[in-house]
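Take a look at the letters that make up each chain.
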Amino acid sequence: MQDIIKSARKLIDKYNSGEPIKIMEVCGSHTMAISRYGLRQILPENIKLISGPGCPVCVTAQNEIDAVISLAGQGITIATFGDLIRVPGNNSSLQEERAKGKDVKVFYSPLDALEYAEANPSKEVVFIGIGFETTIPSVALTIKEAYTKKIKNYSVYCLHKTMPKALEALVINGSDIQGFLLPGHVSAITGSTIYNFLVDKYKIGGVVSGFEASDILMSVVMILKNLEDPKIEIQYKRVVREEGNTDAQKLIEEVFEDSDAEWRGLGMIEGSGLKIREKYSEYDAEKKFNIKKPNSGTEIKGCRCGDVLKGIITPKQCPLFGKACTPLNPVGPCMVSSEGSCAAYYKYGE
C-alpha cells in the first residue's frame, strides 16, 4: 500500500498545477473506499475529493420515502433492499412500521421478492425499485418474468434514477467541479460514452474508476493529466467497456421509458428517472394502488443531506452530524445507507 501511495503521489505532484481542484465522486462505493483508505488525507491540500449524489437511498426524495411508508399501511407486503428500511420519513420509517406489525420484508435481490410473491399468491407484494443503472436490469427482469408467468400479485414502485442528467444538473447549477470520478458499477451497464456530453458541452472530464486505493489514485492522476484537454476515460477496464452491457441496456429499454424524477437536494430533473412502459402497466404499483406522493420539499428539519449530495458541504459541516444524527439514531439517509457520505465520514473518522 505504501508503495502505491508513493508512486501515486509522485504522479499527482507531477500534474498538480497548485490551483484549487475539485473532483467529485458520484458513486457510494467510491465514497466508502475513499474514506476507508484515507485518500483525502493523502492528496495535496489544493485537490479536494467531494461526495456527490452517488448513493441510491440518499437521493430518493423525502416525499417518495413518505409515500413508501404510507404504502406499508395498506395491507401490502413491502419488499425492499435493507438500507431503505431505516430511512426516516417525516412521521415514521419502514422499520417502525414493521415493529407495529406491518408486513415489510428485506430481500437481497428483486428476483427473491418475485419468488416470494409467486409462493404467496394471496399477498400483494410491492418491490420498492430504487437505485441507478446497476440494479435496474434485475428489476426489469422481475417485471418481464411476472408478465410471462402471469404472476398477478407482484408489482414495482418505480423510483429508479439514472446518472447522466444528475451530473448535468450539478454542472449547470454552478458546482465548480473540474472532474468526475465516474461510477464503476453503473458504467459496467451503461458504458462510458453516456458521459461524453460533459466534455462536449461543458469541457469537464471524468474517469470511470475501480474501487481499490490504486484504482482511485490512478483515476485522480488521469483527471489531473487531462485538465487542459478534458477526456472521458476508463481506468476500470477490467470490468467496464465503452459500449457497456448491451443486453442489459436492451432489457431496460424494453421494460422502462424515461421520465422526470425528483432527487433529494437537486429537485426535479427532467428525464432523469424511469417509469414502467404501458405494456407492463399492470406491474406498476403507482398505478395499481393509486400511490400519491406528498408535496415535494418536505425535508426533515435540520437535515442537510441535500447539501451534502450536491457537494456544497461536507458531512461534518452539518450541525446534526455526530450529535443528533448518528448511525444508531440517523436523522437523514446519508447517515443510514452503507453508501452514504455521512456514514462514511462517521465510520472512518474523517
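The preceding data block contains the structure.
Residues numbered from 1 in each chain as written. Predicted model: local features only at pLDDT ≥ 70, side-chain atom pairs only at ≥ 80, totals over all residues. Heavy atoms only, no water.

For this particular structure, what's the right way to read the overall build of the protein chain?
Each helix and strand in the protein chain was counted, giving 17 helices and eleven strands. The C-alpha radius of gyration of the protein chain comes to 20 Å, within 12% of the 20 Å expected for a compact globule of 350 residues. For the protein chain, the spread of C-alpha atoms along the three principal axes comes to 65 × 45 × 35 Å. Residue burial in the protein chain is summarised as follows: out of 350 residues, 57% are buried. If you take every contact in the protein chain between residues at least 6 apart in sequence, the share linking residues at least 24 apart comes to 77%. Carbon and sulfur atoms make up 49% of the accessible area of the protein chain, which amounts to about 15,200 Å² in all. Looking at charge distribution, the protein chain has the averaged site of its 42 positive side-chain charges lying 3 Å from that of its 43 negative ones. (Helix = DSSP H or I, 4+ residues; strand = E, 2+ residues; numbered from the N terminus. Rg over C-alpha atoms; globule rule 2.2 N^0.38 Å. Buried < 20%, exposed > 50% of the residue type's maximum accessible area, 1.4 Å probe, protein only. Contact = heavy atoms within 4.5 Å. Areas by Shrake-Rupley, 256 points an atom, 1.4 Å probe, with all protein chains shown as cover. Lys, Arg positive; Asp, Glu negative; His and termini not counted. Charge placed at Lys NZ, Arg CZ, Asp CG, Glu CD.)

For this particular structure, what's the right way to read the sheet that holds strand 7 (residues 179-182)?
In sheet architecture, strand pairing relies on hydrogen bonds along the backbone and comes in two forms, parallel and antiparallel. A sheet is described by the order of its strands in space; here five strands give the open sequence 2-1-7-8-9, paired in parallel fashion. Looking at strand neighbours, the two that pair on one side only are strand 2 (47-51) and strand 9 (232-234), the edges of this open sheet. Each adjacent strand pair in this sheet contributes to an overall mean axis angle of 20°, direction not counted. Summarising the sheet, strand 1 (residues 21-25) and strand 7 pair through three bridges and their orientation is parallel. Its bridge partner being in strand 7, Glu25 is matched across the sheet by Leu181. (Pairing = 2+ DSSP bridges. Axes fitted to C-alpha atoms, helices over the stretch in contact; angles between N-to-C directions.)

Even after reading the chapter, I still don't get the packing of helix 1 (residues 2-15) against helix 12 (residues 213-225), so can you show me in this structure?
When two helices pack together, their arrangement is given by the angle between their axes and by how far apart the axes lie. One way to put it is that helix 1 packs onto helix 12 with a least axis distance of 9 Å and a crossing angle of 10°. When the axes of helix 1 and helix 12 are compared, the pair comes out roughly parallel. The residues of helix 12 that touch helix 1, namely those facing Ile4, Ile5, Ala8, Leu11, Ile12 and Tyr15, are Ser214, Leu217, Met218, Val220, Val221, Leu224 and Lys225. Among the residues forming the contact of helix 1 with helix 12, the class breakdown is eleven nonpolar, one polar and one charged. (Parallel < 35°, antiparallel > 145°, perpendicular 65-115°, else oblique. Nonpolar A, V, L, I, M, F, W, Y, C, P; charged D, E, K, R; others polar.)

Help me out: how do you make sense of the state of the cysteines in this one?
What makes a disulfide is a covalent bond joining the sulfur atoms belonging to two cysteines. Scanning the entire structure with this criterion turns up one disulfide. Between the sulfur of Cys55 and that of Cys58 lies a disulfide, 2.4 Å long from S to S. With the S-S dihedral at roughly 70°, the linkage between Cys55 and Cys58 falls on the right-handed side. Grouping residues by exposure puts Cys55 and Cys58 together as buried. Counting only cysteine sulfurs, Cys55 is the nearest neighbor of Cys158, a cysteine outside any disulfide, at a range of 17 Å. (Disulfide = S-S within 2.5 Å.)

What am I meant to see in the packing of helix 8 (residues 136-149) against helix 13 (residues 246-255) here?
In the contact formed by helix 8 and helix 13, the axes pass within 9 Å of each other and the chain directions differ by 55°. With respect to helix 13, the axis of helix 8 lies oblique. The interaxial crossing formed by helix 8 with helix 13 has left-handed handedness. Between helix 8, through Ile136, Pro137, Ala140, Leu141, Ile143 and Lys144, and helix 13, the contact on the second element is made entirely by Ala248, Leu251, Ile252, Glu254 and Val255. (Left-handed = near helix turned anticlockwise from the far one by under 90°.)

How do you make sense of the pattern of salt bridges when you look at a structure like this?
Where charged atoms of side chains with opposite charge meet at close range, the side chains can pair. Tallying each qualifying case throughout the model produces 21 salt bridges. Taking the shortest distance from any N to any O, the salt bridge between Lys144 and Glu254 comes out at 3.1 Å. Of the two residues, Lys144 is situated in helix 8 and Glu254 in helix 13; the sequence distance between them amounts to 110 residues. Of the residues examined, Lys144 reaches a relative accessible area of 29% and is grouped as partly exposed. Across the salt bridge formed by Arg238 and Asp215, the nearest N and O atoms sit 2.6 Å from each other. In this pair, Arg238 sits in the loop between strand 9 and helix 13 while Asp215 sits in helix 12, placing the two residues 23 residues apart along the sequence. Residue Asp215 is classed as buried on the basis of its relative accessible area, which comes to 4%. (Salt bridge = Lys/Arg side-chain N within 4 Å of Asp/Glu carboxyl O.)

How do you make sense of the packing of aromatic side chains when you look at a structure like this?
Think of a pair of aromatic rings as described by two things: how far the centres are apart, and how the planes are tilted against each other in angle. The full count for this structure, using the stated rule, is six aromatic pairs. Seen in terms of ring centroids, Phe81 and Phe127 are 5.3 Å apart; in terms of plane orientation they differ by 85°. Their pairing is edge-to-face. Here the residue Phe81 occupies a position in the loop between strand 3 (77-80) and helix 6 (94-99), and Phe127 occupies one in strand 5 (residues 125-129), the gap between them amounting to 46 residues. The residues Phe81 and Phe127 share a single accessibility class, namely buried. Each ring, one from Phe211 and one from Tyr236, has its centre 5.6 Å from the other, and the planes form 90°; the classification is edge-to-face. You can see Phe211 sitting in the loop between strand 8 (205-208) and helix 12 and its partner Tyr236 sitting in the loop between strand 9 and helix 13, a full 25 residues away along the chain. Of the residues examined, Tyr236 reaches a relative accessible area of 10% and is grouped as buried. One cation-aromatic arrangement involves Arg36 over Tyr37; the distance from NZ or CZ to the ring centre is 4.9 Å. (Phe/Tyr/Trp six-rings, centres within 6.5 Å; stacked < 30°, edge-to-face > 60°. Lys NZ or Arg CZ within 6 Å of the ring centre and 35° of its normal.)

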